[in-house]
Amino acid sequence: NNLFRHHLFSEPQNITLYVEEGHELSITCRNRMETGSSVLWTRNGIPVQTGKSKFLYIKIINRTDAGNYRCVSLSYDGNHTSPIATVDVLCKFVLH
């Protein structure tokens, strides 16, 4: 069960991660990467981060961060795209 697990390694198959609003999220790209490769992170097909780091980190997640995440390692020998990591952000309940 992935409920409230905060760290996700992108797996060889699509996966869904449930994270409570206000928690942190860290995703590691496990695509094959050559020395000097860049990594492009997308959410719902839109780029959110590009650089040399294979990590995507969101310190305080909110509902607008929900979506389908992928990493693409950009290498001289071709691009490698990960399966989808669906992030479902659960509403934080506050009791008064």
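Our structure is the block above this text.
The text that follows walks through the structure, step by step, so that each part is easy to find. This structure is a prediction, so every number in the text was calculated from the model and none was measured.

## Concerning the environment of Glu21
Mapping Glu21 onto the fold places it in the loop between β2 (15-20) and β3 (25-28). Taking the C-alpha atoms as reference points, Glu21 and Cys91, separated by 70 residues in sequence, lie 5.7 Å from one another. A distance of 3.4 Å separates a polar atom in the side chain of Glu21 from a polar atom in the side chain of Arg63.

## Re the pattern of salt bridges
For the coordinates displayed, the defined rule picks out one salt bridge. Between Arg63 and Glu21 there is a salt bridge, with its nearest N and O atoms 3.4 Å apart. In this pair, Arg63 is assigned in the loop between β6 (55-58) and β7 (67-75) and Glu21 in the loop between β2 and β3, connecting sequence segments 42 residues apart. Classification of Arg63 by relative accessible area gives exposed; the value is 53%.

## Description of the state of the cysteines
Taken as a whole, this structure holds one disulfide when the rule is applied. What pairs with Cys29 in a disulfide is Cys71, and their sulfur atoms sit 2.1 Å apart. On the S-S bond that ties Cys29 to Cys71, the torsion sits near 75°, and the link is right-handed. Here Cys29, found in the loop between β3 and β4 (38-43), pairs with Cys71, found in strand β7; they are 42 residues apart in sequence, far enough to count as distant. Exposure class is identical for Cys29 and Cys71. Each is buried.

## So, the nonpolar core
Counting 14 residues, the largest nonpolar core has Leu25, Ile27, Trp41, Ile61, Tyr69 and Val87 as its most contacted members. Residue assignment for this core shows that the elements contributing at least two residues are β2, β3, β4, β6, β7 and β9 (85-90). In this view, Val87 contacts Leu17, Leu25, Ile27, Ile61, Ala66, Gly67 and Tyr69; residues no more than four positions away in its chain are not counted.

Cut-offs and rules
- Residues numbered from 1 in each chain as written.
- Predicted model: local features only at pLDDT ≥ 70, side-chain atom pairs only at ≥ 80, totals over all residues.
- Heavy atoms only, no water.
- Helix = DSSP H or I, 4+ residues; strand = E, 2+ residues; numbered from the N terminus.
- Polar contact = N/O pair within 3.5 Å; in protein donor to acceptor, adjacent residues only side chain to side chain.
- Salt bridge = Lys/Arg side-chain N within 4 Å of Asp/Glu carboxyl O.
- Buried < 20%, exposed > 50% of the residue type's maximum accessible area, 1.4 Å probe, protein only.
- Disulfide = S-S within 2.5 Å.
- Core = buried A, V, L, I, M, F, W, Y, C linked by side-chain atoms within 4.5 Å.
- Contact = heavy atoms within 4.5 Å.

Everything listed here is a matter of geometry and, on its own, says nothing about what the molecule does.
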